[in-house]
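Residue strings, one per chain:
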Amino acid sequence: DSGVTQTPKHLITATGQRVTLRCSPRSGDLSVYWYQQSLDQGLQFLIHYYNGEERAKGNILERFSAQQFPDLHSELNLSSLELGDSALYFCASSSRGGDSTDTQYFGPGTRLTVL
Amino acid sequence: QKEVEQDPGPLSVPEGAIVSLNCTYSNSAFQYFMWYRQYSRKGPELLMYTYSSGNKEDGRFTAQVDKSSKYISLFIRDSQPSDSATYLCAPGGTSYGKLTFGQGTILTVHP
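Everything numeric in this text was worked out from a predicted model, so none of it was measured.

Explanation requested: the sheet that holds strand β10 (residues 105-110) of chain B in the structure shown.
What holds strands together in a sheet is hydrogen bonding between their backbones, with the strands either parallel or antiparallel. Residues and elements named next belong to chain B. An order of β2-β10-β9-β4-β5 is seen for the 5 strands of this open sheet, with the pairing classed as mixed. Two strands lie at the open edges of the sheet, namely β2 (11-14) and β5 (45-50), each paired on one side alone. Pairwise comparison of adjacent strand axes, ignoring direction, gives a mean angle of 25° for this sheet. Relative to strand β9 (residues 85-92), strand β4 (residues 32-38) is paired through 7 bridges, and the arrangement is antiparallel. Bridge pairing in β9 places methionine 34 opposite alanine 90.

Explanation requested: the interface of chain A and chain B in the structure shown.
Quoted interface sizes are often the accessible area lost when the parts come together. Tallying the contact residues gives 23 residues for chain A and 18 residues for chain B. Both sides together, the interface formed by chain A and chain B hides about 1,600 Å², and carbon and sulfur atoms give 54% of it. Our count for the contact surface shared by chain A and chain B stands at 0 salt bridges. Of all the secondary-structure elements, those providing two or more residues to the side of chain A that touches chain B are β4 (31-38), β5 (42-50) and β6 (53-57) of chain A. For the side of chain A that touches chain B, the element with the most residues is β5 of chain A, which contributes 4 residues.

When you look at the sheet that holds strand β3 (residues 19-24) of chain A in this model, what are you seeing that I'm missing?
Residue and element names in this part refer to chain A. Spatial strand order, β1-β3-β8-β7: 4 strands in an open sheet with antiparallel pairing. Strands at the two margins of the open sheet, each flanked by one partner only, are β1 (5-7) and β7 (64-68). Here the strands of the sheet are splayed against their neighbours by 15° on average, with no regard to which way each runs. The pairing of β7 with strand β8 (residues 74-78) spans 5 bridges and is classified as antiparallel. When the bridges of β8 are listed, serine 65 appears paired with asparagine 77.

Cut-offs used in this document
Residues numbered from 1 in each chain as written. Chains lettered and ligands numbered in written order. Predicted model: local features only at pLDDT ≥ 70, side-chain atom pairs only at ≥ 80, totals over all residues. Heavy atoms only, no water. Pairing = 2+ DSSP bridges. Helix = DSSP H or I, 4+ residues; strand = E, 2+ residues; numbered from the N terminus. Axes fitted to C-alpha atoms, helices over the stretch in contact; angles between N-to-C directions. Contact = heavy atoms within 4.5 Å. Buried area = accessible area lost by both parts, 1.4 Å probe. Salt bridge = Lys/Arg side-chain N within 4 Å of Asp/Glu carboxyl O.

Laid out in structure tokens, this is it:
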């Protein structure tokens, strides 16, 4: 158990809908990262927040948004969902701001199915 | 062309075999290189971490980086059935915290 928690574990929804995925980092960690894992694209970096501020952005669609709250938990909002958004969404956390020695610990993931 | 290329396998070996897992990358800006292991229906977990060219050993695992040829390897000695998992290479350093993952190699070690 990495200490990172993600809810819900599974989510089934319809195209066009909006969902929110939640992540609680390990105790004391200041950074939260979001990744998307699909069969065709593999594990892709979406976005990184450090102590409430966006620090780096990857291949995140405009329909997706994230934020990190003062208590350091994070939410990933996915809207206007499409079939292709079906994937595993992972949250990871690290103790610092993402420098080279800052290990990322991954949560168990949320499996999103869009029908 | 993807920034990180990794043979997805699958790779099947007998218990006790030496396993070699490899990645190539194209972005010279990568500064450090991680190997993650992912068991089925779990999140990835960090196995090894290297910052420069050369070898780094940790128990049965050796990570090797050759920056001149942009080639990353992970060797597993005396492989065990518990090593059966997907192994992902993940270079980083282009922006804070961003890891660029390879496709992952599925490894099965059979008794």
